[in-house]
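# Working through the structure, step by step
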Amino acid sequence: MVFVMYDGARSSQPGGEEMSSMTQKPVMAIDGMVREIKLKPAQMTSQLTPANDLFVLAHMGVPETTVENWSLSIGGRVETPIELDYAQLRARPKRVVETVHQCAGSPMNPTVPTRRVANVRWAGVDLAELFGELGISADASHLWAFGLDHGEFAGEAQDSYLKDIPLGRLEEGDVLIAYELNGAPLPQKHGFPARLVVPGYFGTNSVKWLSRLELADHRADSVFTTRFYNDAIPGSDATRPVWEIFPESVIVAPGPDMRVAASESEIWGWAWSASGVGQVDVSTDGGASWRRAELGPRRQRSWQRFSYRWTPSAAGQHTLMSRATNADGNTQPMDGARNAVYAVDVTVT
Ligand SMILES: Nc1nc2c(c(=O)[nH]1)N[C@H]1C(S)=C(S)[C@@H](COP(=O)(O)O)O[C@H]1N2
Ligand SMILES: [Mo]
């Protein structure tokens, strides 16, 4: 793979040669939205999603980045602001986190299920540990994360991709500055050379091509934080940031429109939420009745396998469904939400 340096001469910005390395913007290798959805639920057959099968989402395109020109500045309400280059990042203790990774779907259609989900292993630097060394100011409440990508979104020019998370999530641990995906350097489309990873939060918060982290005493005011990615709370004027992943599940097998023998067979799939899953129920009659499925263990923040032994009562069409519930009793609605129950129609022969 060849990377083009994003020095002043290559910069599309006027006066590039007078700008410091910190404010230079990389050339966009791909200009405009990228959306590669590679797996349907029936294809999600492995616990760990191979990097090549991972969905790719980018609102404004993919920037060209190099290790040589990359650095991460950490500032705002920290006692000791720093700038880390790639070698300094790699020299720090390496943490590995296996976690479910899920796109929240289109920010313009937040109640439409898309089931863009995977389970991967990220490696990088633990951010709470790093901030422990740098010192967090007493008035800090949010972490802002800036990506190097820029371009047009929602009909306006955007300087960067900017997201925020509450400091409470940072303190819980496992928030990484990640430089590896499944044991290999991050592919370009997944944020090379380093990205934020917020396990348990929707993918939109895990900022790729990370260039700056800032602690602040309020939410970031970007189209990606306060305009989009805020869910309506039914019966109220208030909204809720798209942060924690809701309880959700998909049936992997049998797949849609499959023919199933009338003998005993297994219905299985994956279930997940920000806090893990306490129970999965399966319906074989379109949601009229539900039976408890067996639920496998959670590895760190991974999705969990569920399975149910089914002996069909009659030949013909059956609608299979699965429903995950977390420890707080939150469960999947039948419709009208991004985590709505997934249905699979099969024919029993
Ligand atoms: N810098 C940057 N980071 C980003 C985005 C983006 O457009 N720019 N898209 C987000 C969204 S919506 C998702 S779902 C995840 C997807 O991560 P992946 O492409 O590595 O699977 O990246 C997030 N991080
Ligand atoms: Mo997304």
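Numbering of residues starts from 1 in each chain and follows the order in which that chain's sequence is written. Each chain gets a letter, beginning with A, and each ligand a number, beginning with 1, in the order they are written. Given that the model is predicted, a residue must reach a pLDDT of at least 70 before its local features are reported, and side-chain atom pairs must reach 80 or more before they are shown or counted; all residues, however, enter totals for whole chains, interfaces and linings. Derived side-chain values reflect all non-hydrogen atoms in the structure, with water molecules and hydrogen atoms excluded from consideration.

## Considering the side chain of K25
- Its location among the elements puts K25 in the segment before β1 (28-31).
- The buried charged residue K25 lacks any salt bridge partner; its closest oppositely charged side chain belongs to D159, at an N-O distance of 5.7 Å.
- Polar contacts here mean pairs of N or O atoms no more than 3.5 Å apart (in protein, one a potential hydrogen donor and the other a potential acceptor; neighbouring residues in sequence count only if both atoms are side-chain atoms). A polar side-chain atom of K25 sits 2.9 Å from the main-chain carbonyl oxygen of D159. For the purposes of this entry, the term helix denotes a DSSP run of H or I that reaches at least four residues, the term strand denotes a run of E that reaches at least two, and both are numbered from the N terminus. Residue exposure (1.4 Å probe, protein chains only): buried if accessible area is under 20% of the type maximum, exposed if over 50%, otherwise partly exposed. Residues scored as positive are Lys and Arg, those scored as negative are Asp and Glu, and His as well as the terminal groups of each chain are ignored. Throughout this description, the term salt bridge denotes a Lys or Arg side-chain nitrogen within 4 Å of a carboxyl oxygen of Asp or Glu.

## Description of the sheet that holds strand β24 (residues 294-295)
- Paired strands are those between which DSSP finds at least two bridges. Taken together, four strands build an open sheet; the order of strands is β19-β21-β25-β24 and the sheet is antiparallel. The open sheet terminates on both sides in strands that have one partner only, identified here as β19 (248-253) and β24.
- Note that β24 and strand β25 (residues 304-310) share two bridges and pair antiparallel. Residue pairing for β25: E294 is matched across the bridge by S307.

## A look at the domain arrangement of the chain
- Under the domain assignment used here, the chain contains domain 1 (3-241) and domain 2 (248-348).
- Throughout, the edges of the domains are those of an automatic or database domain assignment. If you average the C-alpha positions of domain 1 and of domain 2, the two centres end up 31 Å apart.
- Any pair of residues with heavy atoms lying within 4.5 Å of one another is described as a contacting pair. Across the contact, 31 residues belong to domain 1 and 21 residues belong to domain 2.
- Counting the surface lost from both domain 1 and domain 2, the interface buries some 2,200 Å², and carbon and sulfur atoms represent 51% of this.
- When two parts are put together, the accessible area they lose, computed with a 1.4 Å probe and summed over both, is reported as buried area. Three residues stand out in domain 1 for area buried against domain 2, namely Q47, E98 and R115, and they jointly supply 24% of the buried area on that side.

## A few points about the side chain of S302
- Within the secondary structure, S302 sits in the loop between β24 and β25.
- Apart from residues lying up to four places away in sequence, S302 is in contact with Q47, E98, T99, V100 and N119.

## Remarks on the site of ligand 1
- The cutoff for a nearby residue is simple: one of its non-hydrogen atoms must lie within 4 Å of the molecule or strand. Ligand 1 sits among 20 residues. The nearest are F55, D149, H190, R195 and K208.
- One nitrogen or oxygen atom from the side chain of K208 is found 2.6 Å from an oxygen atom belonging to ligand 1.
- Protein coverage of the free-state accessible area of ligand 1, which is 530 Å², stands at 99%.
- Sorting elements by how many residues they give to the shell around ligand 1 places strand β3 (residues 56-58) first, with three residues.
- Each residue is assigned to one of three groups, with Ala, Val, Leu, Ile, Met, Phe, Trp, Tyr, Cys and Pro labelled nonpolar, Asp, Glu, Lys and Arg labelled charged, and all others, Gly among them, labelled polar. The class makeup of the residues in the shell around ligand 1 is 10 nonpolar, seven polar and three charged. The protein chains shown are the only cover counted for residues, whose accessible areas, like all others here, come from Shrake-Rupley with a 1.4 Å probe.

## Concerning the nonpolar core
- One finds L127, F131, I177, L196 and L213 to be the most contacted residues of the largest nonpolar core, which totals 74 residues.
- At five residues, the largest contribution of residues to this core is made by strand β21 (residues 265-272).
- Counting contributing residues per domain, this core is built from domain 1 (3-241) and domain 2 (248-348), each supplying no fewer than three.
- For this analysis, a nonpolar core means a set of buried residues of the types Ala, Val, Leu, Ile, Met, Phe, Trp, Tyr and Cys, connected via side-chain atoms within 4.5 Å. Counting residues in hydrophobic clusters, the runner-up holds 13 residues, among them L54, F55, W122 and L176.

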